[in-house]
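One letter stands for each residue in the lines below.
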Amino acid sequence: MIGRRSFLKAAGVSAASLATGSGIAHAIADVDWGRLASALEGRLIRPQDSEYLQVVVAFFRQFDDRSPQAVAMCRSASDVQACLAFVQEAGVEYAIRGGGHSYQGYSNTSGLQIDLGEMNKISYDDKAGVVSVGAGVRSGQLPAALSPYGVMIPAPRCPAVGMSGFTLGGGLGFYGRKYGLASDRLIETELVTADRRILTCDEAQNADAFWALRGGGGGNFGVNTEFKFKPFDVRGPSTIFQFLWKGKDPAPILVAVQEAMSSAPHDLSSVAMLQVSEPLSTGKPERPELTLQGHYFGRKSHVRDILQPVIGRWRPTRQTVAEVGFWQANTFLAHSMAVTGLTASKSSFLPAVSEAMAAQAVSAVSEWPGSSLPEAGYAFLLWGGAYNEPKPSDTAFVHRNAESAGAWITSWSSGDPRALVKEGDGWLMRSWEASQKYALPQSYQNIADTNMPNWLGRFYGKNLERLVEVKRKYDPEKFFDFPMAIPTQR
Ligand SMILES: Cc1cc2nc3c(=O)[nH]c(=O)nc-3n(C[C@H](O)[C@H](O)[C@H](O)COP(=O)(O)OP(=O)(O)OC[C@H]3O[C@@H](n4cnc5c(N)ncnc54)[C@H](O)[C@@H]3O)c2cc1C
């Protein structure tokens, strides 16, 4: 089998043009797309087709310059096999697209977009207690499919995020302290490999690949076409809460929040967000505000008890605590980020929030240079509980020792001046770097970040060596390749 780079070389595409994408369009001008179209059960969409824009636009609009020559709307694992055979024979660049939320646009390509979006069936086997999710399912589809059964699986809060990329990189969210990562609840997945075999991966079959697919990150070992999960029951009481502190120094409140939260039962999950409240157009805010939002599998009175040390001392500017059904809670917590999708993020895993860490975070957030959007700041997702129960080596997801997961975020609109966008980027890097003396040397692989030093070590830690071995076994030619792919050599 020949790797992707070897194919492109054979097709006359240089490394430089591979980096810019410029030579690829030329090299694939003569590609016989009709041949691929007739091999597919699904449709092949070309730039002249009316559906084209709808299927190529991904969440992060800064990668729009990479637009495909064709999009294969796969309907089955055999469609994926046909796509792989085609790109291997024709020497065409490709990308695998689940939900299109890769932080580095790794599901964008100038060649063939292998799109799984229509493999979006969800089913529940009541007897076996197993939820099956197609590779194109987005998180927002889960409630309608699973609420009749009173079960759920871990899901991201943004309804448009793909369950594929989310699960393969770990998959954390509001129910994780009690029920773990999406990848912790994965019991089986179907994988199409570079040599076009269709493998079932679980604890008994291809167990090494199954280990790697739980946290190793999307696009590294093959194309996953289906995922099976062990769900959890959500028929008990659910309470949601949201507190806002404005016009006060948020640093001591943040420390108190972390203290109250870390001793809270694992039924409780929360995210604390330090952010500037107003977009630049309305003037610079005086100081960041702090929002605490979360979910508790239990009664409202318990949430107030848990948070009393914080809300009793620092009166929130606004507050909501409501006992609602799980599905209403899930809707309340759903969050669609930045309307334009022009945003960037850097992550870390953190020990307990100290006064110094909180002060650094507050001071950095105050220095955000602004943009026409208010989505910027630093988010702390409460960690612990079921997230930390497996050993770091039990699956490829190594981050099992933190107290919270932190993410710096900046965003902008397409109309914002370039200099301001660049300043926002600089702010992101500076703030993240300054926070590192308080952080663990680990980052979340699902927040792909090319500027991060030692990203392989930070994403995979001691599991890297084993991931390299699995990569060598299932994809020895590194056919599945992108700038942050797992290597075949150390
Ligand atoms: C607005 C927003 C909110 C988010 N919220 C959360 C959150 O709450 N929790 C969390 O853990 N993460 C969250 N993330 C991060 C998210 O999990 C990752 O960005 C994830 O990779 C997105 O997956 P996708 O399928 O949507 O993206 P894609 O861009 O389609 O895929 C991501 C990567 O996986 C590969 N890939 C996709 N599908 C497959 C497949 N079936 N087989 C093999 N490879 C595949 C792609 O080629 C690409 O390299 C969020 C991201 C955004 C932008």
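Residues numbered from 1 in each chain as written. Predicted model: local features only at pLDDT ≥ 70, side-chain atom pairs only at ≥ 80, totals over all residues.

Visitor: Can you help me understand the overall build of the protein in this one?
Guide: A count of helices and strands for the protein gives 17 helices and 18 strands. Taken against the 2.2 N^0.38 rule, which gives 23 Å for 490 residues, the C-alpha radius of gyration of the protein at 23 Å falls within 12% of a compact globule. Counting only C-alpha atoms, the protein reaches 70 × 60 × 45 Å along its principal axes. Split into buried and exposed, the 490 residues of the protein put 50% on the buried side. Taking contacts inside the protein between residues at least 6 apart in sequence as the whole, the part at least 24 apart equals 73%. (Helix = DSSP H or I, 4+ residues; strand = E, 2+ residues; numbered from the N terminus. Rg over C-alpha atoms; globule rule 2.2 N^0.38 Å. Buried ≥ 20, exposed ≤ 12 C-beta atoms within 10 Å, placed from the backbone. Contact = placed C-beta atoms within 7 Å.)

Visitor: Even after reading the chapter, I still don't get the sheet that holds strand 6 (residues 130-134), so can you show me in this structure?
Guide: Picture the strands of a sheet paired through backbone hydrogen bonds; they go either parallel or antiparallel. One open sheet accounts for 5 strands, arranged 5-6-10-8-9; its pairing is antiparallel. Of all strands in the sheet, those bounded by a partner on one side alone are strand 5 (122-125) and strand 9 (198-201). Direction aside, neighbouring strands of the sheet carry axes that sit 15° apart on average. Across 4 bridges, the pairing between strand 6 and strand 10 (residues 223-229) is antiparallel. (Pairing = 2+ DSSP bridges. Axes fitted to C-alpha atoms, helices over the stretch in contact; angles between N-to-C directions.)

Visitor: Is there a simple way to explain the site of the ligand in this structure?
Guide: Around the ligand, 34 residues are found, and the nearest of them are Gly98, Gly99, Gly162, Gly165 and Gly218. With 4 residues, the single largest contributor to the shell around the ligand is helix 8 (residues 163-168). Considered class by class, the residues forming the shell around the ligand number 15 nonpolar, 17 polar and 2 charged. Taken domain by domain, the shell around the ligand gets at least three of its residues from each of domain 1 (4-115) and domain 2 (122-233 + 461-474). (Near = placed C-beta within 6 Å. Nonpolar A, V, L, I, M, F, W, Y, C, P; charged D, E, K, R; others polar. Domains from an automatic or database assignment.)

Visitor: Teacher, can you tell me more about helix 17 (residues 464-474) here?
Guide: Since one α-helical turn is 3.6 residues long, residues separated by three or four positions face the same way. The set of residues buried in helix 17 consists of Leu467, Val470, Lys471 and Tyr474. Each buried residue of helix 17 lies within a common arc of 105° when the element is viewed along its axis, so the set occupies one face. On the buried face of helix 17, the contacting elements are helix 10 (207-213) and helix 16 (455-460). (Arc of directions from axis to C-beta.)

Visitor: I tried to follow the pairing of strand 4 (residues 112-115) on my own but got confused; where do I start?
Guide: Looking down a regular strand, the side chains alternate between one sheet face and the other. Burial along strand 4 is two-sided: the residues Leu112 and Ile114 and Gln113 and Asp115 are all buried. Sheet analysis places strand 2 (residues 70-73) next to strand 4, joined by 4 bridges and oriented parallel. For Val71, the partnering residue across the bridge sits in strand 4 and is Gln113.

Visitor: Got a minute to help me understand the sheet that holds strand 16 (residues 343-350) in this structure?
Guide: Spatially, 7 strands are ordered 15-12-14-13-17-18-16 in an open sheet, and the strand pairing comes out antiparallel. Two strands in the sheet have a free side with no partner beyond their single neighbour: strand 15 (318-324) and strand 16. On average, each strand axis in the sheet is tilted by 15° relative to the strand beside it, whichever way the strands run. Running at roughly 160° to strand 18 (residues 404-411), helix 15 (residues 418-435) makes contact with strand 16 and strand 18 of the sheet.

Visitor: Sorry if this is basic, but what is going on with the confidence of the model for the protein here?
Guide: Fine structural detail should not be taken from predicted coordinates in areas where pLDDT scores are low. For the protein, mean pLDDT is 91; residues scoring 70 or higher make up 91% of the total. Contacts of residues 1-27 to residues separated by more than four positions or lying in other chains number 38 contacts, the stretch itself having pLDDT below 50. (pLDDT = per-residue confidence, 0-100.)

Visitor: For this particular structure, what's the right way to read the pairing of strand 17 (residues 377-382)?
Guide: Of all 6 residues in strand 17, 5 are buried, a share of seventy percent or more. Judged from the 5 bridges that link them, strand 13 (residues 268-275) and strand 17 form a sheet pairing that is antiparallel. Its bridge partner lying in strand 17, Leu274 is registered against Tyr378.

Visitor: Mind showing me how you'd approach the domain arrangement of the protein here?
Guide: How large an interface is tends to be reported as the accessible area lost when its parts come together. Along its sequence, the protein is organised into domain 1 (4-115), domain 2 (122-233 + 461-474) and domain 3 (238-453). Contacts between domain 1 and domain 3 engage 8 residues on the former and 8 residues on the latter.

Visitor: Mind showing me how you'd approach the environment of Leu213 here?
Guide: Here Leu213 lies in helix 10. C-alpha separation for the pair Leu213 and Pro316, spaced 103 residues apart in sequence, amounts to 42 Å. The residues contacting Leu213, other than those within four sequence positions of it, are Leu168, Thr189, Cys201, Phe221 and Asn224.

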